[in-house]
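What the coordinates show
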Amino acid sequence: MTFLLDVLTATLRNATPLAFGTVGETYSERAGVLNLGIEGTMYAGAFFGFATAYWTGYLELGLLAAVVVGLLAGGLMGLLTVTLGANQHVSGLGLTLFLIGVSEFVNRLAFGAGQRLRKIEPYPVIDPLGLGGLTSQYALTYVAFLLVVPLAWWILMRTRFGLALRAVGENPEAADAAGINVFRTRYAALMIGGALMGLGGAFFTLAALGTFTLDIIAGRGWVCVALVIFGRWGIWRAVAGALLFSFVYSLQLRLRILPGWEGVPFELLLALPYLVVIVALALSGRNVAYPGAYLKPYRRA
Amino acid sequence: MDTRGPIGREPRDAASDAPVVELTGITKRFGDLVANDRIELSLRRGEIHALLGENGAGKTTLMRILYGLTAPDAGEIRIDGRAVTIRSPKDAIAAGIGMVTQHFALVRPMTVAENLTLGRGRGVKLDLRRAEAAAREASERFGIRVRPDARVGDLSVGEQQRVEVLKALARDCRVLILDEPTAVLVPQEVDALFATLRRLAEGGMTVVFISHKLGEVLSITDRVTVLRRGRVAGTAETPDVGERTLAEMMVGRPTIGVTRRDKASRGRGVLRVDGLAAAGAHGLPALRDVSLEVAAGEIVGVAGVSGNGQTELVEVLSGTRRPTGGSIEVDGRRLGGRGVPEALGAGIGRIAEDRHASVVGDLSVAYNLVLERLDDFRRGGRLDQRAIRAHAQELIERFGIRARPDDPVRTLSGGNIQKVLLARVLSREPKVLVVSQPTRGLDVGATEYVRSQLLAQRARGAAILLVSEDLDELLTLADRLIVLYEGRVVGRLDVGEADPARLGLLMAGRDAEATSGAAA
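What you are looking at is a predicted structure, and each value in this text was computed from that prediction instead of being measured.

Attention shifts here to the overall build of chain A. Helix and strand counts for chain A come out as eleven helices and two strands. Ordered by position from N to C terminus, the α and β elements of chain A give α-α-α-α-β-β-α-α-α-α-α-α-α. C-alpha atoms of chain A, sized along the principal axes, occupy 65 × 45 × 40 Å. Nonlocal contacts in chain A, meaning residues at least 24 apart in sequence, comprise 79% of its contacts between residues at least 6 apart. Split by element, the accessible area of chain A, about 12,900 Å² in all, is 70% carbon and sulfur. Taking the average location of the 20 positive side-chain charges in chain A and that of its 14 negative ones, the two points are 7 Å from each other.

Next comes the structure, spelled out in C-alpha cells:
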C-alpha cells in the first residue's frame, strides 16, 4: 500500500513539468504551429530561472525569469514561422539547439566549467491538507493541476480568444475573413505556450532539484510533443497522458530498488515509460485529425 | 459605429439611386500580370449586380480588394460617398460588406453557431448558448434554414453555402458579394439561392454576383458589368442585353459555340463495364455495382455532384486504382486489373481531373508529350532526343499549343496544359477515351477548342466517357447520360429526355418520379 501511495505521489510530482509542457505545446499546435522549440524553451526556463534565483536570492524572480524567457522564445518562434513563414520543423529544432547552446554558454561564463555544484534553497514541499503522502507536493504541482490546466482548458474552449485560436489553427483563411488577426493570434498562442514551457523547465531547478545540471530536461520536451498527439490536441487527454507516462516512470524508479528485480537491466526499466508512450501513440494516434492548418504558414493570396 | 440595420430599413428616397459602393481606378498587378487595370464600378442599393467575365478576367481579385483580402496598388473605394481605406476583412465588415468566397471560409470542425460568432462580440467569455440563439434568430429573420448546433464539416456543400450567406448577413452587411456561388450547387439549390437573393435585394441589400455563366446572369441580375483581361468591357442594364452581346463582351469577339450536329451512329460496344466495385479513401466503398457500355462514336456523360464516385471510376478505368469487383472489357478483351500499362495497352486514353497532376511541371513540353509512350522513343537504352523533339514540334502545330518544345510545362497556362494533355492522349488514337472535367477553369476560347476536339474524336469512332460537373457541357456533348449517386448508377437517360431539373433530382439522390412536384 505504501508502495503504491509512494508511486502515486511521485507520479504527480514528475508529471508537473510535463503538464506545463503539454499545455503549452497544445496551445501552439491548436493555433497551427508545431513548436519543436519546446525542449530548448524548457531548458532555458530551467537555467535562467535557476540563475536569476541564484543571483537575486528570490525564487519568485526566478519564476518570472523563466516566464520571460518562455515569452521571448515563443516570440522568436513566431518571428520565424508566422512572420517569415519558415519551415516549422527546422525553426523549432533550430530554436531548441539555440536555446540549449545559449543556456550552456551563459552557464559556463557565469559559473565556470568546474564541477562544483551551485545550490539554491528550492521551494519546499507543502501539505495544505496535512494528510501527508499524496497531498504533500510542491506548490508548483498544485498550481499546475488545480490552476493552469483547468484555466488553460477554459480559455481554449470557452472564451472568444480560445475560439479564435482554434479557428486560426483549423482554417486561417476563415478566421481572417471573419476579421480575426491571424498573425497576432498565433503570436499570442506561441508566447503563452512558451511561458508555460519555461515554467515547466523551471520546476526542475526551482523546486525539484535546487540546482542546474547539464541535460537537465533530458528529452521531456519531446515527450510533451508526443503527448499532445496522444491527447489529440485536447488538454485533459494530454494531461492524462502526462500522468500515465509519469506513473510508469515513477514505477520503474522504484522497481529498480525492489528486491527480486536486480536481474532486470535498469536500462530496460528506464525505457519502459517511453515504450508505453510509443504503444499508446500507436494505438490512439491512428487516423487522428490534425489541426487543419498544422505546419502551414498563413499568407493572404 | 453606427446603427443601421441590414435590411428592411426605411428607404432613403432621395438618395436611393446614389451608389452604395464606388470603385474608381482600381489597379492590381501580380508580377507582370495586370489583374485589375483602372477599374470603375458602382453599386446601387437594392440591386443584384453581376460581375461577368472569363476565368482570369479579374473578377475575384476586384472583389477581394473590396473585401480587404487583397491590397490594391492604386485606386479609391467610396462607400456612401465617403472614401474609405480597407486594410482587412475587419474593415470591410465594419463598412457593411460581406463576402462568400469560392472556397468557403468556414472552420469545418466547429458548429454553425461557433462559425457565426467567430470574430464577433465583446467580452472574454464565449457564450455558446447565446451564440446558438443568435444563429437561430438570424436563420429565422432571413429565412435561411440551418441547424445552429450542426458541425459544418457534416453539412452538404449547399448547406455550407447557406451558413456563409448567413454569416455575412448576421454581421449586418449591406453589400453581399458571392463568388461563383452556383458552381457547387445542384439546380434545385440554385433556385433556392436565387429566391433568397431576390428577397434580400427587395429588402434593400446590394448583391454582387460573380459568374461566368451567361444564363444565370441573365436570369437573376439587374445590371451587369463585364470584365475582360482586367478591364471593364462595359456595364449594362441586364434586360437590355442578350446572351450573344454579353458573350462577345466577355471574349472580345463573336463566339461560335460548339454544337453536336449529327446523331450518334451507335456502333459496336467498345468499352463494357460490368458490376464494377471499388473502394475509395478510408477503404469505404466508392463504387457499387456500376455497369455501363460505351459504343464507338458515342459520348456517354457521367453526371453527379462531386464525390459520388466519379473520381474513383476514372481512376479504375485508367488503371491507377484497383477494382474490388466486377469487370472491364475493351473490344471484348477483359482487363486483369494490372494497372496503367495494361490500360494504355488496351487502348484506353485518359485525361484526368487534375491536369496539373497529370504533367511533370519541371519537365519540358516535349518530354511530357512522350511520357506515356517512352518505349516508342527508345534507341537501345537511350531516349532518342531528336525524335522526341520532332514529335513535339508536330503536336505543337497540330494542337495549337502556345509553347516551345523546351519550355517547362509549369510555365504554361491551364488551357495550354490541357492542350498538351489532349495532344499526348489523342496522338495515340485511343479506342476508348476517359475524360474528366476537361474544361474546368478554362476560358471560353480554350473550352471551345477542347470540346471541338472531343467531338472530332467521336467522329473518328472513339468511345468516350465524359465525366463533368458542368451540366451544360454534358447536355451539349453527350449522347447518353448516366447519373452517379453514392457510387451507384441511379439514372440512365438519352440526352434528349434530360433536363436540368430532372438531373438535379437524380444527382441529389432523389428518385425523379417520387419528388418531381416538391422541388424547392
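Next up on the list: the overall build of chain B. From N to C terminus, chain B includes 17 helices and 22 strands. Referenced to the eigenvectors of the C-alpha coordinate spread, the extents of chain B come out at roughly 75 × 50 × 50 Å. Buried residues in chain B amount to 52% of all 520 residues. Accessible surface, chain B as shown: approximately 23,900 Å² in total, 47% of it carbon and sulfur. Of the charged side chains in chain B, 75 are positive and 70 negative, and the gap between their average positions amounts to 4 Å.

This part is about the pattern of salt bridges. Evaluation of the coordinates by the stated rule reveals 30 salt bridges over all chains. The partner of B:Glu114 in a salt bridge is A:Arg166, with the nearest N and O atoms 3.9 Å apart. Within this pair, whereas B:Glu114 is found in helix α3 (residues 112-117), its partner A:Arg166 is found in helix α6 (residues 160-170), the two belonging to separate chains. The exposure class of B:Glu114 is buried, given its relative accessible area of 10%. Looking at A:Arg166, the relative accessible area reads 6%, which means it is buried. A salt bridge links B:Arg373 to B:Asp376; its shortest N-O distance comes to 3.1 Å. Here the salt bridges do not stand alone but share partners, grouping B:Asp37, B:Arg38 and B:Arg231 into one network.

So, about the nonpolar core. Judged by nonpolar contacts, the single largest core of 59 residues is most densely connected at A:Val23, A:Leu206 and A:Ile235. Contributing elements (two or more residues each) for this core: α1 (2-30), α2 (38-56), α3 (59-83), α5 (139-158), α8 (182-209), α9 (220-230) and α10 (235-255) of chain A. Considering every element that reaches this core, the biggest residue donor is α8(A), with nine residues. The residues contacting A:Val23, other than those within four sequence positions of it, are A:Val149, A:Ala152, A:Leu196, A:Ile235 and A:Val239. In this structure, B:Leu422, B:Leu471, B:Leu474 and B:Leu506 belong to the second largest nonpolar core, which totals 47 residues.

Our next topic: the packing of aromatic side chains. The geometry of an aromatic ring pair is captured by two quantities: the separation of the ring centres and the angle between the planes. Applying the stated rule across the entire model yields 18 aromatic pairs over all chains. Between the aromatic rings of A:Phe203 and A:Phe204, the centroid separation amounts to 6.3 Å while the plane-to-plane angle is 75°, which identifies the pairing as edge-to-face. These aromatic residues form a ring-pair network of at least three members: A:Tyr43, A:Phe47, A:Phe48, A:Phe50, A:Tyr54, A:Trp55, A:Phe111 and A:Phe212. Across from the ring centre of A:Phe230, 5.9 Å away, lies the NZ or CZ of A:Arg237, which sits over that ring. Over the aromatic face of B:Tyr449 sits the side chain of B:Lys419, whose NZ or CZ is 4.8 Å from the ring centroid.

Our next topic: the interface of chain A and chain B. Taken together, the contact between chain A and chain B spans 21 residues of the former and 29 residues of the latter. At the boundary of chain A with chain B, total buried surface from both sides reaches about 2,000 Å², with 60% on carbon and sulfur atoms. Counting every contact that joins chain A to chain B gives one salt bridge. The interface formed by chain A and chain B includes seven residue pairs in polar contact (both at pLDDT 80 or more). When residues of the side of chain A that touches chain B are traced back to their parent elements, those giving at least two are α5, α6 and α7 (172-177) of chain A. Top element by residues in the side of chain A that touches chain B is α6(A). It accounts for six residues. Along the lines of polarity and charge, the residues of the side of chain A that touches chain B split into eleven nonpolar, three polar and seven charged.

Glancing now at the sheet that holds strand β22 (residues 488-494) of chain B. Residues and elements named next belong to chain B. Spatial strand order, β16-β19-β20-β13-β21-β22: six strands in an open sheet with mixed pairing. At either end of the open sheet lies a strand with only one pairing partner, and these are β16 (348-351) and β22. Across the sheet, the mean angle from the axis of one strand to that of its neighbour is 20°, orientation sign disregarded. Two elements, strand β13 (residues 298-303) and strand β20 (residues 463-467), share five bridges in a ladder whose sense is parallel. Across the sheet, the residue bridging to Val302 is Val467, located in β20. Seen against the sheet, helix α13 (residues 414-426) touches β16 and β19 (432-436) and runs at an angle of roughly 175° to β16.

The subject of this paragraph is the domain arrangement of chain B. All names here are of chain B. Examined at the domain level, chain B breaks down into domain 1 (17-96 + 172-251), domain 2 (108-170), domain 3 (256-347 + 430-520) and domain 4 (360-425). Contacts between domain 1 and domain 2 engage 13 residues on the former and eleven residues on the latter. In total, domain 1 and domain 2 occlude about 910 Å² of area from one another, counting both sides; carbon and sulfur atoms represent 60% of this. In this assembly, domain 1 and domain 2 are joined by zero salt bridges. The tally of links from domain 1 across to domain 2 stands at four residue pairs in polar contact (both at pLDDT 80 or more). Those elements that provide at least two residues to the side of domain 1 that touches domain 2 are β7 (175-179) and α6 (187-202).

Now for empty space enclosed by the protein. Counted according to the given criterion, the structure contains three cavities of 30 Å³ or more. Roughly 110 Å³ of volume is contained in the largest cavity. A:Ala177, B:Tyr67, B:Met99, B:Lys167 and B:Ala168 are, among the 13 residues lining the largest cavity, the residues nearest its centre. Listing elements by their share of the lining of the largest cavity, those giving two or more residues are β6 (97-100) and α5 (157-170) of chain B. Viewed by domain, the lining of the largest cavity spans two of them, domain 1 (17-96 + 172-251) and domain 2 (108-170) of chain B, each represented by three or more residues.

Cut-offs and rules
- Residues numbered from 1 in each chain as written.
- Chains lettered and ligands numbered in written order.
- Predicted model: local features only at pLDDT ≥ 70, side-chain atom pairs only at ≥ 80, totals over all residues.
- Heavy atoms only, no water.
- Helix = DSSP H or I, 4+ residues; strand = E, 2+ residues; numbered from the N terminus.
- Contact = heavy atoms within 4.5 Å.
- Areas by Shrake-Rupley, 256 points an atom, 1.4 Å probe, with all protein chains shown as cover.
- Lys, Arg positive; Asp, Glu negative; His and termini not counted.
- Charge placed at Lys NZ, Arg CZ, Asp CG, Glu CD.
- Buried < 20%, exposed > 50% of the residue type's maximum accessible area, 1.4 Å probe, protein only.
- Salt bridge = Lys/Arg side-chain N within 4 Å of Asp/Glu carboxyl O.
- Core = buried A, V, L, I, M, F, W, Y, C linked by side-chain atoms within 4.5 Å.
- Phe/Tyr/Trp six-rings, centres within 6.5 Å; stacked < 30°, edge-to-face > 60°.
- Lys NZ or Arg CZ within 6 Å of the ring centre and 35° of its normal.
- Buried area = accessible area lost by both parts, 1.4 Å probe.
- Polar contact = N/O pair within 3.5 Å; in protein donor to acceptor, adjacent residues only side chain to side chain.
- Nonpolar A, V, L, I, M, F, W, Y, C, P; charged D, E, K, R; others polar.
- Pairing = 2+ DSSP bridges.
- Axes fitted to C-alpha atoms, helices over the stretch in contact; angles between N-to-C directions.
- Domains from an automatic or database assignment.
- 1 Å grid on protein atoms, 1.4 Å probe; cavity = no way out; pocket = protein on both sides within 12 Å on 5 of 7 lines; lining within 4 Å.
- Points joined across faces, edges and corners; volume = space filled by probe spheres on them.

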